[in-house]
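For reference, the chains in residue letters:
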Amino acid sequence: MKGGVIGMVKPCNVARPTTHLAEISHCTTYTNHRTTQLSVKSSWNSDGSGPARVAHRVASLDQKWREYQGIKNWEGLLDPLDDCLRHEILRYGDFIEAAYRCFEFDTSSPDYARCKFTKKTMLDRCGLGGSGYKVTKNLHATCGVQLPGWIDRMSSWASTNSSWIGYVAVCDDDKEIARLGRRDVVIAYRGTATCLEWVENLRAMLTSLPDDMAPEKKKAMVQQGFLSMYTSATDVCPSLRDMVREEISRIIETYGNEPLSVTVTGHSLGAALATLTAYDLTSTFKHSPMVTVVSFGGPRVGNQNFRSQLESNGTQILRIVNSTDVITKVPGFLVDIGSNDVAKRSVGLQGWLQKQVDEVGDWFGYAEVGKELRLTSEASPYLTKSDFATCHDLKTYLHLVDGFVSSSCPFRTTAKRLLTGVKQEKQKILVR
């Protein structure tokens, strides 16, 4: 489903059977009357105990696991949204939430920008102790930009250039492996948190991939800041690229004789890094396992040639997009190449700037990648705010995924995943 924004229709509360939903879902749609904002438990528990998400009826993927990983581009699974796919999307979203929860946001802490927990306790402390996965590698990203010296002297946290960005986890539970139909490897990335990461986000100009990531030199280009975070290193911290390659190489060597998948998932900046990671893995390993990206609220990453390379490498990408989230509409402008022509569409630019598009297309002309599941905050009766932070927050995305039924019935009243109203949680939204 790569369609437009879900249309607004009259209020309804109707039982509507669908082809893929395992149970009848009651549908509700947007109205001018908004339900009072709820204050309930967040999608992970505040005390770090118990399950990370509300219970879902878990079905076995068995021999169909490749379809749910996108081998057929999720055809027939998105509109209406298949219940098994919904569960898998939410499950991967929980791994991202764990990455946020593990990160030390307190700038006054000596552990700022590090992981608060050990590898052995990480998932358990974040409410994912029963997920069937174990963390095998902590991942760090380094920003390649340097702030002026006077900023470094004022506050060391502002110039923190290497920070904990996520982790690699491997499914090691026999029952979960049997349910999934294979051994799954998750690479999970959080979104923007540090000052220098924000600076990297603003480096919107496209730049060519290095030779070891694009040996055929097909002019694949990506956003400069994202590439910097993926490839930069320090004397004491290797690049994110090198850490991922080393760990996936080890995992393939260990489990290469059994069905294996790599699912790279991330939110915001993490979604961009997930796309770069998937590109790198499918380009680096000749006999790579199936690599799938499940991204939430991600910005654009690269140009048309980058997208073509992703497709030729067999990388499967499912982008979860909230139509009211500005981050999914940046950076640059879209360049869509048809069979015989090029149509360029600027986003957020005034008409008088359109003439400049042709001249800057090589540097700011982006292309969307993969398959899109488009949602909208306006479909949920529980979202009383439409500000930037709310629309972009990961919890909003997971709430919308849980409630979405189809383009004709955009929200079900039986959705179980609600939003937190805790002030402390809202403050953390701003750094994502």
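Preceding this paragraph is the structure being described.
What comes next concerns the included structure. (Residues numbered from 1 in each chain as written. Predicted model: local features only at pLDDT ≥ 70, side-chain atom pairs only at ≥ 80, totals over all residues. Heavy atoms only, no water.)

Take the packing of helix 9 (residues 269-284) against helix 10 (residues 304-312) next. Running from N to C, helix 9 and helix 10 cross one another at 55°; their axes reach a closest spacing of 9 Å. For the element pair helix 9 / helix 10, the angle class is oblique. The element helix 9 and its partner helix 10 pack so that their crossing is left-handed. Packed against helix 9, whose contacting residues are Thr275, Leu276 and Tyr279, the element helix 10 presents Phe306, Gln309 and Leu310 at the interface. Looking at the contact of helix 9 with helix 10 residue by residue, the classes come out as 4 nonpolar, 2 polar and no charged. (Axes fitted to C-alpha atoms, helices over the stretch in contact; angles between N-to-C directions. Helix = DSSP H or I, 4+ residues; strand = E, 2+ residues; numbered from the N terminus. Parallel < 35°, antiparallel > 145°, perpendicular 65-115°, else oblique. Left-handed = near helix turned anticlockwise from the far one by under 90°. Contact = heavy atoms within 4.5 Å. Nonpolar A, V, L, I, M, F, W, Y, C, P; charged D, E, K, R; others polar.)

The next subject is the packing of helix 7 (residues 224-231) against helix 9. Relative orientation of the contacting elements helix 7 and helix 9 amounts to 65°, with a least axis distance of 10 Å. Overall, the two elements helix 7 and helix 9 adopt an arrangement that is roughly perpendicular. Two packed elements cross with a definite hand, and for helix 7 against helix 9 that hand is right-handed. The segment helix 7 lies against helix 9, with Phe226, Leu227, Met229 and Tyr230 engaging Leu269, Ala272, Leu273, Leu276, Thr277 and Asp280. Residue classes in the contact of helix 7 with helix 9 are distributed as 8 nonpolar, 1 polar and 1 charged.

Another aspect to go through is helix 8 (residues 240-255). With 16 residues, helix 8 extends 22 Å from end C-alpha to end C-alpha; this agrees with the ideal 22 Å at 1.5 Å per step. Contact partners of the buried residues in helix 8: strand 3 (133-142), strand 4 (162-171), strand 5 (183-189), helix 7, strand 8 (260-267) and helix 9. (Expected span 1.5 Å × (residues − 1).)

Now for the nonpolar core. Looking at soluble globular proteins, one finds that nonpolar side chains tend to be buried together. Tyr167, Phe296, Ile320 and Leu373 are the most contacted members of the largest nonpolar core, which totals 58 residues. Ranked by the residues each element gives to this core, the list is headed by helix 2 (residues 83-102), at 11 residues. Each residue touching Phe296, except ones within four places of it in the same chain, is listed here: Ile89, Gly93, Ile96, Thr265, Gly266, His267, Ser268, Ala271, Ile320, Leu394, Tyr397 and Leu398. Membership of the second largest hydrophobic core comes to 45 residues, among which are Met213, Tyr230, Leu269 and Ala274. (Core = buried A, V, L, I, M, F, W, Y, C linked by side-chain atoms within 4.5 Å. Buried < 20%, exposed > 50% of the residue type's maximum accessible area, 1.4 Å probe, protein only.)

So, on to the pattern of salt bridges. Throughout the structure, instances matching the rule amount to 23 salt bridges. A salt bridge links Glu372 to Arg319, with the nearest nitrogen and oxygen atoms 3.2 Å apart. One end of the pair, Glu372, is in strand 14 (residues 371-375); the other, Arg319, is in strand 10 (residues 316-322), and 53 residues separate them in sequence. In this structure Glu372 comes out as buried when scored by relative accessible area, which is 3%. Accessibility expressed as a relative area gives 9% for Arg319, which makes it buried. Residues joined in a network through salt bridges with shared partners are Asp212, Arg241, Asp242, Arg245 and Asp280. (Salt bridge = Lys/Arg side-chain N within 4 Å of Asp/Glu carboxyl O.)

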